[in-house]
Amino acid sequence: MNLWVRRLLVSLALLVWVAGLGWAYWWFEGRYIKSFERPVFFQAEQVAPPFAPGQVQVVHVWQSNCPCSAGHEAYVEEMTRRFAEQGVRFARSGQYPTSGMPAGLSNLPYWPIPQAWSGWPGAPSIAIWAADGSLAYVGPYSDGAHCSADSSFVEPVVQALLAGRKVNITRQDAVACLCDLPVVESSADVETGSRKSDP
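This one's a predicted model, so the numbers in the text were calculated from it and none came from an experiment.

Enquirer: In this structure, what is going on with the packing of helix α2 (residues 73–84) against helix α4 (residues 154–162)? I would like to understand it.
Expert: Helix-helix packing: each pair is described by the crossing angle between the helix axes and the interaxial distance. The contact between α2 and α4 brings their axes to 12 Å, and the two run at 5 degrees. For the element pair α2 / α4, the angle class is roughly parallel. On α4, the residues that touch Tyr-75, Met-79, Arg-82 and Phe-83 of α2 are Val-154, Glu-155, Val-158, Gln-159 and Leu-162. Considering only residue class, the contact of α2 with α4 consists of 6 nonpolar, 1 polar and 2 charged.

Structure follows, in structure tokens:
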């Protein structure tokens, strides 16, 4: 087989491969993620953070079986580790069992969503408190199905709080990829979670 024909076949194979990847991404985004992407309104009452005031605190509201979580896992683990090194305290909420949860999240104390937040729009999302215990941010990690330090709403909030600036974003309209949370948490889960989140 001459060199020109071989190059043509390799080029065609690469083109088919790239087209296949593009189609797979479009299919996943269009058929699997888009159905979870919806307009939501986050409105959170001021509630006490999971730990005693004194440090910036973050609660990850998580659902492992949600396709929306897959686009956030790597960022959430990296961001949690990075800000924990700067003194931020973390907890998790939403899904109680740790099966299917990234290791960095499953090791966090569980904090049951308080009754005042019973209408929480979904997961993955986040709540952030200032060091004085005042609620600073509630909402999605970003405005899309994927999150990074560049697209995250969380980074500027936590950085501002660590710098001593005031933040108050507790009511907002957003379009985000979110899955519904379980309707009812069992009392055993809530009790265990409350004990785990005690400082």
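Further notes follow.
Enquirer: Any chance you could explain the nonpolar core here in plain terms?
Expert: Across soluble globular proteins, nonpolar side chains have a tendency to be buried as a group. Counting residues in each nonpolar core, the largest one holds 24 residues, and the members touching the most others are Met-79, Ile-126, Ile-128, Val-154 and Leu-161. Looking at this core, the elements that each hand over two or more residues are β2 (57–62), α2, β4 (125–129), β5 (135–140) and α4. Ranked by residues supplied to this core, first place goes to α4 with 5 residues. Not counting residues within four places of it along the chain, the set of residues in contact with Val-154 comprises Tyr-75, Met-79, Ile-126, Ile-128 and Tyr-141.

Enquirer: What exactly am I supposed to notice about the pairing of β5 here?
Expert: Residues in a regular strand point their side chains to alternate faces of the sheet. Along β5, 6 of the 6 residues are buried, which leaves the element largely enclosed by surrounding structure. Bridge analysis of β4 against β5 gives 5 bridges, and the strand direction is antiparallel. Bridge pairing links Ala-127 to Val-138 in β5.

Enquirer: Just checking my understanding: could you explain the state of the cysteines for this structure?
Expert: Simply put, the disulfide is a covalent bond whose two ends are the sulfur atoms of two cysteines. Summed over the entire model, instances satisfying the criterion amount to 2 disulfides. The disulfide bridge from Cys-66 ends at Cys-179, spanning 2.0 Å between sulfur atoms. Taking the sign of the torsion about the S-S bond as the criterion, the disulfide between Cys-66 and Cys-179, at about 75 degrees, is right-handed. With a gap of 113 residues between them, Cys-66 in the loop between β2 and α2 and Cys-179 in the loop between β6 (171–177) and α5 (187–196) connect regions that are remote in the sequence. Comparing Cys-66 with Cys-179, the two get one shared label, buried. Indicated for the chain is the disulfide connectivity 1-4, 2-3, based on numbering the bonded cysteines in sequence order.

Enquirer: Can you help me understand the environment of Tyr-96 in this one?
Expert: For Tyr-96, the position within the fold is in the loop between β3 (89–94) and α3 (103–106). With 14 residues separating them along the chain, Tyr-96 and Tyr-110 place their C-alpha atoms 7.0 Å apart.

Cut-offs applied
Residues numbered from 1 in each chain as written. Predicted model: local features only at pLDDT ≥ 70, side-chain atom pairs only at ≥ 80, totals over all residues. Heavy atoms only, no water. Axes fitted to C-alpha atoms, helices over the stretch in contact; angles between N-to-C directions. Helix = DSSP H or I, 4+ residues; strand = E, 2+ residues; numbered from the N terminus. Parallel < 35°, antiparallel > 145°, perpendicular 65-115°, else oblique. Contact = heavy atoms within 4.5 Å. Nonpolar A, V, L, I, M, F, W, Y, C, P; charged D, E, K, R; others polar. Core = buried A, V, L, I, M, F, W, Y, C linked by side-chain atoms within 4.5 Å. Buried < 20%, exposed > 50% of the residue type's maximum accessible area, 1.4 Å probe, protein only. Pairing = 2+ DSSP bridges. Disulfide = S-S within 2.5 Å.

Interpretation note: all reported values are geometric properties and have no functional meaning in isolation.
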